[in-house]
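Commentary on secondary and tertiary structure
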Protein chains: 2
Amino acid sequence: MTARFDVLAIGNAIVDVIASTTDAFLAAEGIPKGSMRLVSAAEAETLYAKMGPGREVSGGSAANSCAGIAALGGRAAFIGRVSDDQLGRVFVHDIRAAGVDFRTPPTRGGPPTGQCLILVSPDGQRTMSTYLGSCQEVDEADVDEERVRAAAVTYVEGYLWDPPAPIRACTKALAIARSAGRWTALSLSDVFCVEGHRQDFLALIPRAIDLVFANENEAKALFRTDDVHTAVEGLAALAPVAVVTRSEKGAIVAARGVREAVPAYPAARVLDTTGAGDLFAAGFLVGFTRGRPLKECAVMGTIAAAEIIEHYGARPEADLKARVAAVLGEEMLADRP
Amino acid sequence: MTARFDVLAIGNAIVDVIASTTDAFLAAEGIPKGSMRLVSAAEAETLYAKMGPGREVSGGSAANSCAGIAALGGRAAFIGRVSDDQLGRVFVHDIRAAGVDFRTPPTRGGPPTGQCLILVSPDGQRTMSTYLGSCQEVDEADVDEERVRAAAVTYVEGYLWDPPAPIRACTKALAIARSAGRWTALSLSDVFCVEGHRQDFLALIPRAIDLVFANENEAKALFRTDDVHTAVEGLAALAPVAVVTRSEKGAIVAARGVREAVPAYPAARVLDTTGAGDLFAAGFLVGFTRGRPLKECAVMGTIAAAEIIEHYGARPEADLKARVAAVLGEEMLADRP
């Protein structure tokens, strides 16, 4: 059956609140620069009160990837829970306006829509404090079997591995995809995710995942090694395709008989690195679902990642298709027959 | 008495929703490019559903000016009404985080916080559809006499001239400022404001206003002329200080015996012109309250305006003080003894 969607993703439905910061502010607050941490509603409120003026932009790791896939001409669907509030409506508007198929109904009367307070340092590094709110309420019932079967790739984010309901949703979706002969993909999301759920991920990947996305630190944390190549080989032993991103050092793709390293694509400027990994995955998956060689998929990932770090916010703003076509040719984006 | 605030402003408390657009979209929607119009909640919802992905940033004309004044080291206070909702909390956070003294309590149970849907064309021009919501509920009771008396300049925006409550608030504030021997200022805000309230403004300015800010089109509309110099002379006959901004042609300042034209300050790029007039007023008023010559005040206005058009959103992001100091010297920003 031809896939109706290139990628169906499950993830946290989050609105980002982005503000500039200084290293001194992070130090005073005791927040490690570059980290991602979960915070309570009260902690989020306290931090927000101290932050500078913000801009609100839809975010969420897998949701950002979906927006990137759509910007590249791919067909993406997203599953995630917002609340029936103003920020929830912002999230729903933005993801649909980006061209992503999104149908999960909002939660009524529960916690508010999830928010990620993102402090961006002068060097472009982002430090994230996430209040999950309604994100945690996505569950099995939100996973529609027909839609999963209709997607070439089912993609889940590691950030979902915390409360039981989102894990149930992912488990159901991955099982359906597997039984339908579709591809499955996982992002390790963050070092804190890996450290908190290391055994889960080490068990999940060989059982249920075809493509693993990790950045260098996440891959190292999973295998408790300081050597990136050891980590790459570890992932490659667990999954058919392993992709490790390395910021300015580019990315490594490992698959049976394949070891490809690609350089980072040059960004015009580095303003805010939020979403670089999400957009790398978007570019990679569009190439992958179009049957391109793995190295080209990775190059496409680096082009999409370069765009996102040139501006604030983790959803693409420039014409991603034109950028990819300029480097790899128009045919790179042609849909499969 | 030394002024505790350089500027106390009354204005619409609005959160902007900014999205990129095309001329074709504006034409299809029948919205004149570059226009500002008021819309109902239902119209705003319909347009929002058709718009591309947005970013939410605090706005409001006089509120933007206050943020600019604070960014330049001035002491600004703002009066305006948000609702007790998520976007209202965003507005309150952002204006306080910008360093502006803001104390107006939110409305509870009324219409939601005002929103301005801003469609930005590829050439940077912005087309605005504003749903006023709770903005219209600012009233006399929100104007604290002691705070007005403590401000060197009381500044009101023409956008407030529609429902009776905000007009009452402005009238009260201007009268207090006048009786306290303070300066008063008015922005004509928009051509639709001028056309709708032409007689009101022509009566108000000579009676109550010391400084008038207008862009070229607003000034022309007020005097029903096609000639900018006729419009400048018309304003100069009504108010002690008249300032007319002319986009890329710079600005003209007219006062007793003074006619100064200053060029536009070069922007690194023109991405989104929203807020250029608001930031011009901010720069001008900071110079004015520091007792600088009118021409220098205007130059300071052009520097602040240039910063705002280089990025999306109408609140300053770069270090405005450093930009002004680089052109006009550190002493330009020194507080008065």
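Here goes a summary of the coordinates provided. (Residues numbered from 1 in each chain as written. Chains lettered and ligands numbered in written order. Predicted model: local features only at pLDDT ≥ 70, side-chain atom pairs only at ≥ 80, totals over all residues.)

1. Let's talk about the interface of chain B and chain A
To be explicit about the condition: C-beta atoms are placed from the backbone for every residue, and two residues are taken to be in contact when these atoms lie within 7 Å. The helix and strand labels rest on DSSP assignments: H or I over at least four residues marks a helix, E over at least two residues marks a strand, and numbering proceeds from the N terminus. Put simply, Ala, Val, Leu, Ile, Met, Phe, Trp, Tyr, Cys and Pro go in the nonpolar bin, Asp, Glu, Lys and Arg in the charged bin, and everything else, Gly too, in the polar bin. Here the rule is simple: two strands pair whenever DSSP picks up at least two bridges between them.
Each partner contributes residues to the interface: chain B has 19 residues there, and chain A has 19 residues. Looking at the side of chain B that touches chain A, the elements that each hand over two or more residues are strand S4 (55-58) and helix H4 (86-97) of chain B. Looking at the side of chain B that touches chain A, its residues break down into eight nonpolar, six polar and five charged. Examined bridge by bridge, strand S4 (residues 55-58) of chain A and S4 of chain B share three bridges and lie antiparallel to one another. Across the sheet, Val-57 of chain A pairs through a bridge with Arg-55 of chain B, a residue of S4 of chain B.

2. Examining the environment of Glu-296 of chain B
Residue and element names in this part refer to chain B. Put simply, the test is: With C-beta atoms placed from the backbone, a residue is labelled by how many other C-beta atoms lie within 10 Å of its own: buried for 20 or more, exposed for 12 or fewer, partly exposed between the two.
Following the sequence through the fold, Glu-296 ends up in helix H12 (residues 294-308). Overall, Glu-296 belongs to the buried group, with 21 C-beta atoms counted inside 10 Å. Separated by 32 residues in sequence, Glu-296 and Leu-328 place their C-alpha atoms 8.1 Å apart. Apart from the residues lying within four places of it in its own chain, the contact partners of Glu-296 are Gly-287, Leu-328 and Met-332.

3. With respect to unusual backbone geometry
Residue and element names in this part refer to chain B. For Ser-189, which is not glycine, the phi dihedral falls at a positive 70 degrees. By secondary structure assignment, the location of Ser-189 is in the loop between strand S10 (183-187) and helix H7 (191-196). The backbone of Arg-224 shows a phi angle near 45 degrees, a positive value even though the residue is not glycine. Secondary-structure assignment places Arg-224 in the loop between helix H9 (216-223) and helix H10 (228-238). The exposed category is assigned to Arg-224, around which 12 C-beta atoms lie within 10 Å.

4. Notes on the pairing of strand S8 (residues 126-131) of chain B
All names here are of chain B. By the criterion of burial, S8 is predominantly enclosed, with six of the six residues buried. The pairing of strand S3 (residues 36-38) with S8 spans three bridges and is parallel. Directly across from Arg-37, in S8, lies its bridge partner Ser-129. Summarising the sheet, strand S7 (residues 114-120) and S8 pair through six bridges and their orientation is antiparallel. When the bridges of S8 are listed, Leu-117 appears paired with Ser-129.

5. Things to note about the relation of the copies chain B and chain A
So the rule is basically this: We place the copies in one frame by least squares, fitting the C-alpha atoms of every residue whose pLDDT is at least 70 in both.
Of the two same-sequence chains, chain B is brought onto chain A (RMSD 0.0 Å, axial shift 0.0 Å) by a rotation of 180 degrees. Classification of the inter-copy transformation places it as that of a two-fold axis. For chain B, the smallest separation between a C-alpha atom and the rotation axis is recorded for Glu-56 of chain B, amounting to 2.4 Å. Mapped onto chain A, 100% of the interface residues of chain B again fall at the interface, so both copies present the same surface.

6. Description of the sheet that holds strand S5 (residues 76-79) of chain B
Ordered in space as S6-S5-S1-S9-S10-S11-S12-S13-S14 (chain B), the nine strands form an open sheet in which the pairing is mixed. Edge positions in the sheet fall to strand S6 (101-102) and strand S14 (258-262) of chain B, since each of these pairs with one other strand and no more.

7. Some details on the packing of H12 of chain B against helix H13 (residues 320-328) of chain B
Residues and elements named next belong to chain B. Counted only if it meets this: Lines fitted to C-alpha atoms define the axes here, with helix axes fitted over just the stretch in contact, and angles between the N-to-C directions of these axes take values from 0 to 180 degrees. Angle categories are assigned with fixed cut-offs, so that under 35 degrees is roughly parallel, over 145 is roughly antiparallel, 65 to 115 is roughly perpendicular, and the rest are oblique. Note on convention: the crossing is left-handed when the near helix lies turned anticlockwise from the far helix by less than a right angle, right-handed when the turn is clockwise.
Relative orientation of the contacting elements H12 and H13 amounts to 135 degrees, with a least axis distance of 10 Å. Here H13 runs oblique to H12, going by the angle between their axes. Two packed elements cross with a definite hand, and for H12 against H13 that hand is right-handed. For the pair formed by H12 and H13, the contact residues are Glu-296, Val-299, Met-300, Ile-303, Ala-304 and Glu-307 on the first element and Leu-320, Arg-323, Val-324, Val-327 and Leu-328 on the second. A per-class count over the contact of H12 with H13 returns eight nonpolar, no polar and three charged.

8. Describing the nonpolar core
Generally speaking, soluble globular proteins have nonpolar side chains that are buried together. Applicable threshold: Definition of nonpolar core: a set of buried Ala, Val, Leu, Ile, Met, Phe, Trp, Tyr and Cys residues joined via C-beta atoms within 7 Å.
Val-7, Cys-66 and Val-212 of chain A together with Val-7, Cys-66 and Val-212 of chain B are the most contacted members of the largest nonpolar core, which has 242 residues in total. Excluding its chain neighbours within four sequence positions, the residues that come into contact with Val-212 of chain B are Leu-186, Leu-188, Ile-205, Leu-235, Ala-239, Ala-242 and Val-243 of chain B.

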